[in-house]
Amino acid sequence: MKVNLIIGAGQLGSRHLQGLLKIGGKQVIYVLDPSAASLEVAKERANEIDNNHEIIYVNTWNDLPEKFNLVIVATGANVRSKVVTQLLEGFKVDYLVLEKILFQDLEAYDKIGLLLKQTNTPTWVNHPRRMMGYYQQIKDKISETNEEATFHIAGSDWGLACSALHFIDLCAFVANSSVDTISMDWIDNFVHESKRMNCIEFTGSVTGKLKNNSKFLITSFDGEIGDITVYISTKSNRWIVQEGRAQKIVHLSKENSFNEEISSYNLEFQSVVTTRIANDIFNTGNCELPTYDEACESHIPFIKESLKKYTEITKIETNICPIT
């Protein structure tokens, strides 16, 4: 019988809970959150899933057992370093999945990385776009030609600070490379209040280059919320992936004289993706998410540049970048 734990029971944590509840075989699932309101959200969403698992909702660490098969940390970035430290220093964890953005300060990345190695805890970061079949097919097509890729992701007011790393990870995955440089020179010269308490948002563009010379431009226009479009280009192929309501892919290829080929796809929600992640981990000891070390290759330069831009705009001297 699996004994699993979700730390952070809010909007995202409750979706992870739904995903675990869809797994076959008996589980005991602990849900830890100091907020009674967040635990109530988790209870309501758990009741939407028909299951025979045991769910135990707790608000203190003292109510937890000593060992877990899988832990998912879905807290905000502001407390994640503290939470992961307390978890790994006090409990035995077979497998660990962390939400992004990992941490708000740069020192935490090395500190937690060392702790993960000391405790020998396999860890992944929840960047699920690389799990999607349509992006995997694009990656395979680019690998066949071995061509450099150019990426442009564009939408309006979609949370550039909190979500750009999802797309940076996607670019690295599809291009089969890793981040070389990130620039925030094209970020708008003001900060927005985030819907998340004590956090900020950016609009404008994040640009960067991968180590294989592929390039990316990730844009959030200031204005009303609008769906995101992903443009991927190589010498031989072009793809337009419409995310959000349309959920379609336009493919233009040299071999088809760059005539449009249009297909649709079904968006997988987090509750479905979590089921896949957990089943893969339990069955193989691995999953398709980036490992902690792989994710750090994007997170560290992104946090470094975000902190620099935040300080430049606000004139606030700090080592904490208030995004989550």
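Preceding this section is the structure that the text describes.
All values reported here derive from a predicted model rather than from experimental measurement. Counting from 1, residues in each chain are numbered in the order their sequence is written. Only residues with pLDDT of at least 70 are given local features in this predicted model, and only at 80 or more are side-chain atom pairs given and counted; all residues enter the totals for whole chains, interfaces and linings. Derived side-chain values reflect all non-hydrogen atoms in the structure, with water molecules and hydrogen atoms excluded from consideration.

## With respect to the sheet that holds strand 7 (residues 150–156)
- Two strands qualify as a pair provided DSSP detects at least 2 bridges between them. Going along the chain from the N terminus, every DSSP run of H or I of four or more residues is numbered as a helix, and every run of E of two or more is numbered as a strand. Reading across from one edge, 8-11-12-7-13-14-15-16 is the order of the 8 strands in this open sheet, with mixed pairing throughout. Each edge of the open sheet is held by one strand with a lone partner, namely strand 8 (179–187) and strand 16 (261–264). When the angles between neighbouring strand axes are averaged without regard to direction, this sheet yields 15°.
- When strand 8 meets strand 11 (residues 204–210), the two strands line up antiparallel, connected through 6 bridges. Of the residues in strand 11, the one forming a bridge with Val179 is Leu210.
- Throughout, a contact is declared for two residues whenever any of their heavy atoms are within 4.5 Å. Only the contacting stretch of a helix is used when fitting its axis, a line to C-alpha atoms as for every element, and angles between N-to-C directions run 0 to 180 degrees. Sheet strands touched by helix 5 (residues 133–145): strand 13 (226–233), strand 14 (237–242) and strand 15 (248–253). Its angle to strand 14, the strand with the most contacts, is close to 170°.

## Structural notes on the pattern of salt bridges
- Only one rule defines a salt bridge in this text: a Lys or Arg side-chain nitrogen within 4 Å of an Asp or Glu carboxyl oxygen. Evaluated as defined, the whole model comprises 13 salt bridges.
- Among the salt bridges present, the one from Asp94 reaches Lys67, with a minimum N-O distance of 2.9 Å. Placement of the pair is Asp94 in strand 5 (residues 92–98) and Lys67 in strand 4 (residues 67–73), with a sequence separation of 27 residues.
- A salt bridge links Lys209 to Asp180, with the shortest nitrogen-to-oxygen separation between them at 3.8 Å. Of this pair, Lys209 sits in strand 11 while Asp180 sits in strand 8, and the two are 29 residues apart along the sequence.
- You can call Asp180 partly exposed: its relative accessible area is 39%.
- Here the salt bridges do not stand alone but share partners, grouping Lys67, Lys92 and Asp94 into one network. Remark: exposure states derive from per-residue accessible area (1.4 Å probe, protein chains only) relative to the maximum for the residue type, with buried under 20%, exposed over 50%, and partly exposed in between.

## Quick look at the packing of aromatic side chains
- Ring geometry is summarised as follows: Phe, Tyr and Trp rings, the Trp one being its six-membered ring, pair when their centres sit within 6.5 Å, and such pairs are stacked at plane angles under 30 degrees, edge-to-face over 60 and tilted between the two. Taken as a whole and judged by the stated rule, the model has 8 aromatic pairs.
- Plain terms: the ring middles of Trp61 and Phe91 are 5.7 Å apart, the flat faces sit at 35° to each other, and that makes the pair tilted. Taken as a pair, Trp61 in the loop between strand 3 (54–58) and strand 4 and Phe91 in the loop between helix 3 (77–90) and strand 5 lie far apart in primary sequence, 30 residues in all.
- Note on geometry: a ring has a charge over it if NZ (lysine) or CZ (arginine) is within 6 Å of the ring centre and within 35 degrees of the ring normal. When the ring centre of Phe282 is taken as origin, the NZ or CZ atom of Lys2, which lies over that ring, is 5.0 Å away.
- The side chain of Lys139 reaches across the aromatic face of Phe173, ending 4.7 Å from its centre.

## Considerations on the packing of helix 6 (residues 160–174) against helix 8 (residues 292–314)
- It is the contact of helix 6 with helix 8, at a shortest axis distance of 10 Å, that shows an interaxial angle of 145°. Between helix 6 and helix 8 the crossing geometry is right-handed. Mapping the contact onto sequence places Leu160, Ala161, Ala164, Leu165 and Ile168 in helix 6 and Ser298, His299 and Phe302 in helix 8. We call a crossing left-handed when the near helix sits turned anticlockwise from the far one by less than a right angle, and right-handed when that turn is clockwise.

## Quick word on helix 5
- When the terminal C-alpha atoms of helix 5 are compared, their 19 Å separation across 13 residues agrees well with the 18 Å that a helix rising 1.5 Å per residue should span.
- Taken as a whole, helix 5 has its buried residues at Tyr134, Tyr135, Ile138, Lys139 and Ile142. In a view along the axis of helix 5, the buried residues occupy a sector of 145°, so they form one face of it. Those residues of helix 5 that are exposed and aimed more than 90 degrees away from the buried face are Gln137 and Glu144.
- Here the buried face of helix 5 lies against helix 6, strand 13, strand 14 and strand 15.
- Downstream of helix 5 by one or two residues, Asn146 has phi in the positive range, about 55°. Under the convention used throughout, the expected extent of a helix is 1.5 Å for every residue step, that is, one less than its residue count. Note that the arc is defined by the directions from the helix axis to the C-beta atoms.

## Quick notes on the sheet that holds strand 2 (residues 27–32)
- With parallel pairing, the 6 strands of this open sheet are ordered in space as 3-2-1-4-5-6. Two strands bound the open sheet, and with one partner strand each, they are strand 3 and strand 6 (123–125). Averaged over all pairs of adjacent strands, the angle between strand axes in this sheet comes to 20°, irrespective of strand direction.
- Relative to strand 4, strand 1 (residues 2–7) runs parallel, the two sharing 4 bridges. Considered in strand 4, the bridge of Leu5 is made with Val71.
- This element, helix 3, spans strand 1, strand 4 and strand 5 of the sheet and lies at about 160° to strand 5.

## Regarding unusual backbone geometry
- Cis peptide bonds are those with omega within 30 degrees of zero, and the linkage from Lys100 to Ile101 qualifies with -10°.
- Position of Ile101 among the secondary structure elements: in the loop between strand 5 and helix 4 (107–119).
- A positive phi angle, close to 60°, is found at Phe258, a residue other than glycine.
- A relative accessible area of 32% means that Phe258 is categorised as partly exposed.

## Focus on the pairing of strand 7
- Here strand 7 lies mainly inside the structure; 5 of its 7 residues are buried.
- As paired strands, strand 7 and strand 12 (residues 215–221) are joined by 7 bridges and run parallel to one another. Bridge pairing in strand 12 links Gly155 to Ser220.
- As paired elements, strand 7 and strand 13 share 6 bridges and run antiparallel to each other. Residue pairing for strand 13: Phe151 is matched across the bridge by Ile232.

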